[in-house]
Amino acid sequence: MDPVFPHAVAVGGGHGQARTLRALRTIAEHVTAIATVADDGGSSGRLRRELGVLPPGDMRMAFSALTESDIAELLEHRFRGGSLDGHAVGNLVMVALAELEGGIVGGMDRLARMLQLPHRVLPSTEADVQLRATGPDGPVVGQAAVAVTAGIRDLELVGEDVTACPAAVAAIEAADLIVLGPGSVCTSVLPNLLVPGIGEALAAARAPRVLVANLDEQTGEGEGRSIADPVRMLTAAVPDLLVDHVLVHDGPAPATGRPPLRADDELAMLVGTVRAADLLGERGGHDPEALAATLRRVAA
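Let's talk about the sheet that holds strand 10 (residues 273-277)
- Strand order in the open sheet made by the seven strands is 3-2-1-7-8-9-10, with parallel pairing throughout. Strands at the two margins of the open sheet, each flanked by one partner only, are strand 3 (120-123) and strand 10. With strand direction ignored, the average angle separating the axes of adjacent strands in the sheet is 20 degrees.
- As paired elements, strand 2 (residues 28-35) and strand 3 share four bridges and run parallel to each other. Of the residues in strand 3, the one forming a bridge with isoleucine 34 is leucine 122.
- In the packing of helix 13 (residues 288-299) onto the sheet, contacts are made with strand 1 (5-12), strand 7 (177-180), strand 8 (209-212), strand 9 (245-249) and strand 10, and the angle to strand 10 comes to roughly 150 degrees.

Here it is in structure tokens:
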């Protein structure tokens, strides 16, 4: 599949962003992944607490998705047992490179050179940030807690001197295509837009902004949410933001047992264009090839 976009940007985190990146690397000459750094669980959370570093997990998954080499398997390998139990090799590599280069951006750029990638992975901010919100039973603090709490509202990003990563803003300004999601809106997508400077850059971008809707209703913070809900949440966080396209799954229901998400009349009133296609992969989740073919239609 020949590239049709000179420069594409994917904003998000986790497995959803990884699937978007696998699609974009086949239709864009250069891809920039802008990932959240609010994670406080698992290996990333441990490294964050013990070493005072930015959580590398979402950026690691982005690199794994952008490379076609066996290195991806190495980056995703997790140790079992001992003091390294649960740590991903890629997380440790990224922390080491950030130390060697004097910062996370320099470390990520060095890793891209080592992998001979024409792409880039960036944090939305280089500040130490934390998610806070209000749940049905009161305050909810931390990404891990937000992810498992239904009925989240008043989501905010807190930290000292929180500013956008300049390279991330520059990438958004230069983009020919911007893709948000899929993934948890409160823990993968919104944490990026809540960084001062990122949401404003997205609102002012000349490139089409595409939201990839989730396939089904998520447990925890996604319970009870329709496809229209994330759109409302994004535009509430960034009032001037226009979502130009929403890609929705139109095909077999995912085998998760959770309610599938479908487009409705309300969604069509909130966005520029709703594009429906069978986006379900054989092993669940979004199929990168189907996603790439649907994203190509945005350029048509």
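Remarks on helix 11 (residues 228-237)
- The set of residues buried in helix 11 consists of Ala228, Asp229, Pro230, Val231, Met233 and Leu234.
- For helix 11, the elements touching its buried residues are strand 7, helix 9 (185-193), strand 8, strand 9 and helix 12 (265-270).

A few points about the side chain of arginine 225
- Among the structural elements, arginine 225 can be located in the loop between strand 8 and helix 11.
- Among the polar contacts made by the side chain of arginine 225, one reaches the main-chain carbonyl oxygen of glutamate 221 at a distance of 2.8 Å.

Concerning the pattern of salt bridges
- Enumeration over the complete set of coordinates arrives at 11 salt bridges.
- Glutamate 101 serves as the salt-bridge partner of arginine 110, at 2.8 Å between the closest nitrogen and oxygen.
- Note on glutamate 101: relative accessible area 34%, which makes it partly exposed.
- Where arginine 206 meets aspartate 176, a salt bridge forms, and the shortest distance between an N and an O atom there is 3.5 Å.

Regarding the pairing of strand 4 (residues 130-135)
- Residue alternation in strand 4 divides its side chains into a buried set, Leu131, Ala133 and Gly135, and an unburied set, Gln130, Arg132 and Thr134.
- Sheet topology note: the strand 4/strand 6 (residues 153-158) ladder contains four bridges and is antiparallel. Its bridge partner being in strand 6, arginine 132 is matched across the sheet by glutamate 156.
- For strand 4 and strand 5 (residues 138-141), the ladder comprises four bridges, and the chain directions are antiparallel. By the bridge assignment, arginine 132 is partnered in strand 5 with valine 141.
- Between the antiparallel neighbours strand 4 and strand 5 lie two residues.

Definitions and limits used
- Positions within a chain are numbered from 1, following the residues in the order the chain's sequence is written.
- Side-chain atom pairs in this predicted model are given and counted only at pLDDT of 80 or more, local residue features only at pLDDT of at least 70, and totals for whole chains, interfaces and linings cover all residues.
- Values shown for side chains rest on all heavy atoms present in the structure; no hydrogens or waters enter the calculation.
- Here, any two strands with at least 2 DSSP bridges between them count as paired.
- Here a helix means four or more residues in a row that DSSP labels H or I, a strand means two or more in a row labelled E, and each is numbered from the N terminus.
- Think of each axis as a best-fit line through the C-alpha atoms, taken over the contacting stretch in the case of a helix, with angles from 0 to 180 degrees between the N-to-C directions.
- Two residues qualify as a contact provided that any one of their heavy atoms is within 4.5 Å of a heavy atom in the partner residue.
- Only protein chains enter the accessibility calculation, which uses a 1.4 Å probe. A residue is then buried if its area is under 20% of the maximum for its type, exposed if over 50%, and partly exposed in between.
- Polar contacts, as counted here, are pairs of nitrogen or oxygen atoms within 3.5 Å of one another; within protein the pair requires one atom able to donate a hydrogen and one able to accept it, and residues that are adjacent in sequence qualify only if both atoms are side-chain atoms.
- The rule for a salt bridge is simple: a side-chain nitrogen of Lys or Arg has to be within 4 Å of a carboxyl oxygen of Asp or Glu.

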